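Summary of structural features
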Amino acid sequence: MSRRVVVTGVGLLSSVGNGTEQTWEAVKAGRSGIGRITAFDPAAYSCQIAGEVKNFDPTQFIEKREIKKMGRFIQFAIAASDYALQSAQLKVAPEFAERTGVYIGSGIGGFEVIEREFKILLERGPSRISPFFIPATIINLASGYVSIRAGAKGPNSATATACTSSAHAIGDSFKIIQRSDADVMICGGAEAAITQMGIGGFAAMRALSQRNNEPEKASRPWDKMRDGFVVGEGAGIIVLEELEFAKGRGAPILAEIVGYGMSADAFHITSPAENGDGAFRVMRSALKDANLAPEQIDYINAHGTSTEMGDKIETTAVKRAFGEHAYKVAVSSTKSMTGHLLGGAGGLEAGLTVLAMRDQIAPPTINYEVPDPECDLDYVPNVARPMRIDCTLSNSFGFGGTNGCLVFKRYAG
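The paragraphs below set out a description of the structure included in this document.

About the criteria used
- Residues numbered from 1 in each chain as written.
- Predicted model: local features only at pLDDT ≥ 70, side-chain atom pairs only at ≥ 80, totals over all residues.
- Heavy atoms only, no water.
- Helix = DSSP H or I, 4+ residues; strand = E, 2+ residues; numbered from the N terminus.
- Rg over C-alpha atoms; globule rule 2.2 N^0.38 Å.
- Contact = heavy atoms within 4.5 Å.
- Areas by Shrake-Rupley, 256 points an atom, 1.4 Å probe, with all protein chains shown as cover.
- Lys, Arg positive; Asp, Glu negative; His and termini not counted.
- Charge placed at Lys NZ, Arg CZ, Asp CG, Glu CD.
- Buried < 20%, exposed > 50% of the residue type's maximum accessible area, 1.4 Å probe, protein only.
- Pairing = 2+ DSSP bridges.
- Expected span 1.5 Å × (residues − 1).
- Phe/Tyr/Trp six-rings, centres within 6.5 Å; stacked < 30°, edge-to-face > 60°.
- Lys NZ or Arg CZ within 6 Å of the ring centre and 35° of its normal.
- Core = buried A, V, L, I, M, F, W, Y, C linked by side-chain atoms within 4.5 Å.
- Salt bridge = Lys/Arg side-chain N within 4 Å of Asp/Glu carboxyl O.

1. Considering the overall build of the protein chain
- The helix and strand inventory of the protein chain stands at 13 helices and 15 strands.
- For the protein chain, the C-alpha radius of gyration of 20 Å lies close to 22 Å, the compact-globule estimate for 413 residues.
- Dimensions along the principal axes, computed over C-alpha positions, put the protein chain at roughly 65 × 55 × 40 Å.
- Residue pairs in contact within the protein chain that sit at least 24 positions apart in sequence constitute 79% of those at least 6 positions apart.
- Carbon and sulfur atoms provide 52% of the accessible area of the protein chain, an area that totals close to 15800 Å².
- Counting 42 positive and 45 negative side-chain charges, the protein chain places the averaged centre of each group 3 Å from the other.

2. Points about the pairing of strand S1 (residues 5–14)
- Within S1, ten of the ten residues are buried, which leaves it mostly tucked inside the rest of the structure.
- Looking at chain direction, S1 and strand S9 (residues 255–264) are connected through three bridges and run antiparallel. The partner of Val7 across the bridge, within S9, is Ala255.
- In this structure, S1 lies alongside strand S8 (residues 234–242), joined through eight bridges in antiparallel fashion. Each bridged residue has a counterpart across the sheet, and for Gly11 the counterpart in S8 is Ile237.

3. A short note on helix H13 (residues 345–359)
- Compared with an ideal rise of 1.5 Å per residue, which puts 15 residues at 21 Å, H13 spans 21 Å between its outermost C-alpha atoms and is within 8% of the ideal.
- Most of H13 is tucked away, with 13 of its 15 residues classed as buried.
- Trailing H13 by a residue or two, Gln360 shows a phi angle of about 55°, which is positive.

4. As for the packing of aromatic side chains
- Applying the stated criterion to the full structure yields nine aromatic pairs.
- With 5.4 Å between their ring centres and 75° between their planes, Phe202 and Phe229 make a pair best called edge-to-face. Taken as a pair, Phe202 in helix H8 (residues 196–204) and Phe229 in the loop between H8 and S8 lie far apart in primary sequence, 27 residues in all.
- Positioned above the aromatic ring of Phe280, the side-chain terminus of Arg320 is 4.1 Å from the ring centre.

5. Concerning the environment of Phe132
- Summarising the element assignment, Phe132 is placed in the loop between helix H4 (111–124) and helix H5 (133–137).
- For Phe132, a relative accessible area of 26% puts it in the partly exposed group.
- As for Phe132 and Lys68, which are separated by 64 residues in sequence, their C-alpha atoms are 7.8 Å apart.
- Ignoring any residue separated from it by four or fewer positions in sequence, one finds Phe132 in contact with Lys68 and Lys69.

6. Regarding the pairing of strand S14 (residues 391–398)
- Across the eight residues that make up S14, a large majority, eight, are buried.
- A two-sided burial pattern is seen for S14, the buried positions comprising Cys391, Leu393, Asn395 and Phe397 on one face and Thr392, Ser394, Ser396 and Gly398 on the other.
- Pairing between strand S10 (residues 299–301) and S14: three bridges, direction parallel. By the bridge assignment for S14, Tyr299 is matched with Thr392.
- Bridge count for S14 against strand S15 (residues 402–409) is eight bridges, and the pairing is antiparallel. When the bridges of S15 are listed, Ser396 appears paired with Gly404.
- Linking S14 to S15, which pair antiparallel, is a turn of three residues; within it Gly400 sits at a positive phi near 90°.

7. Some remarks on the side chain of Glu115
- In this fold, Glu115 is placed in helix H4.
- The contacts of Glu115, once residues within four sequence positions are left out, are Thr195, Gln196, Met197 and Gly198.

8. Here we look at the nonpolar core
- In terms of nonpolar packing, the biggest core is built from 42 residues, with Val10, Ile170, Ile238, Leu240, Ile257, Leu406 and Phe408 touching the most fellow members.
- At the level of secondary structure, the elements contributing two or more residues to this core comprise S1, helix H1 (20–28), helix H7 (165–178), strand S7 (184–191), S8, S9, H13 and S15.
- Looking at this core, the element that brings in the most residues is H13, giving eight residues.
- Residues within four places of Leu406 in sequence aside, it is in contact with Ala167, Ile170, Gly171, Ile257, Gly259, Tyr260, Ala350, Thr392, Leu393 and Ser394.
- Core analysis: the second largest hydrophobic core is formed by 39 residues, Phe56, Tyr145, Ala152 and Phe245 among them.

9. Regarding the environment of Gly261
- Mapping Gly261 onto the fold places it in strand S9.
- Residue class for Gly261 comes out buried when judged on its relative accessible area of 2%.
- For the pair formed by Gly261 and Thr100, sequence separation is 161 residues and the distance between their alpha carbons is 23 Å.
- Leave out the neighbours within four places in its chain, and Gly261 touches Val282, Ser285, Ala286, Asn403, Gly404 and Cys405.

10. Some words on unusual backbone geometry
- Positive phi, normally seen in glycine, also occurs at Ser180, with a value near 75°.
- By the secondary structure assignment, Ser180 is in the loop between H7 and S7.
- Even without glycine at this site, Asn382 takes up a positive phi of about 70°.
- Among the secondary structure elements, Asn382 is positioned in the loop between strand S12 (361–362) and strand S13 (385–386).

11. Regarding the pattern of salt bridges
- Taken as a whole and judged by the stated rule, the model has 31 salt bridges.
- A salt bridge links Asp277 to Arg320, with the shortest nitrogen-to-oxygen separation between them at 4.0 Å. Here Asp277, found in helix H10 (residues 277–290), pairs with Arg320, found in helix H11 (residues 308–322); they are 43 residues apart in sequence, far enough to count as distant.
- Accessibility expressed as a relative area gives 24% for Asp277, which makes it partly exposed.
- A salt bridge links Lys335 to Glu349, with the shortest nitrogen-to-oxygen separation between them at 2.9 Å. Linking Lys335 in helix H12 (residues 335–338) with Glu349 in helix H13, this pair joins segments that are 14 residues apart in sequence. Summarising the burial analysis for this pair, Lys335 and Glu349 share the class buried.
- Linked by salt bridges that have partners in common, Glu21, Glu25, Lys28, Arg358 and Asp359 make up one network.

Honestly, that's just the spatial picture; any functional story needs more than this.
This is the structure in structure tokens:
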């Protein structure tokens, strides 16, 4: 019999809150974190809005002399990991350090450092490139820094699977504990892609909303008037532990993770198949892994990015996977408030899903004003809903056709 794995800590950092409970309170209230970009002058860009983390002070978490060695995404990962470890009431002790691992994903990594150092190269020459350039940008350094700070000597890895990165990091960590290669995993993802190239690149693909005059209304999943997604930044880290280990140290148990699915669309680098085949298969795979019937799922935290094609296809996939129960399950997109954290999205949304079960409240999809007849499920429009939530899914889909689905269950002993 495989080992049971529970969630004991949640650490969140987002455009709506610096910290777990601040983020969760804003999401329950349906508050948008989207505004005009301040990281650079966006006047020349077709999209001038994003979900920036506000008033973030890295010196609250990191020694000042160390900050210059880290990209912003690493700083976010460290902050969210600190929040998660505090939530879990966990300090890694020498006796279980080798059984504690870290697995943190990012889709893009240190984009702002790459831009800055390339400008230095062009203007001042190669001798002026920072010696910290490479370790400040590469994706696995988020895991590396967190493991060093925590003293976690077990499995250490990273994922770079686009917008599925942190869902894969959490799912892989679940399996690492389940097969007894670790007892504790600090896992999730972080992203900081609100940069000139980040926004410019997605805008060039015509993927971003141009609702610049109403930024708080720009992310509107499943609404007929949606016109693209909004880039967000931040991090979502959760602490997973083997059940008996968690009980043995008296850890707070927030939920149980019971299923994980992966799939590939094998269709197109940016567009999923119209029948939602990859999303359908990843949800069914996760349910099979969890040994749950579709009818047992109460809530889905959807990928729901606010793109015309993506929202329709995810709706189609949910209908295929759940049949008639699709119309009975609550489905919401918290990206409507936080923006899309790209590689960090799955971590943030897994954390929010766990908190939804903890408090028995389904978070809303805000800005749902004009229903799209092709998107006709229960999207928990505009207002959070108190309801019984025993079993949940969290969906993540990424460029390259890579999909991940996590299944969480209320812990019942």
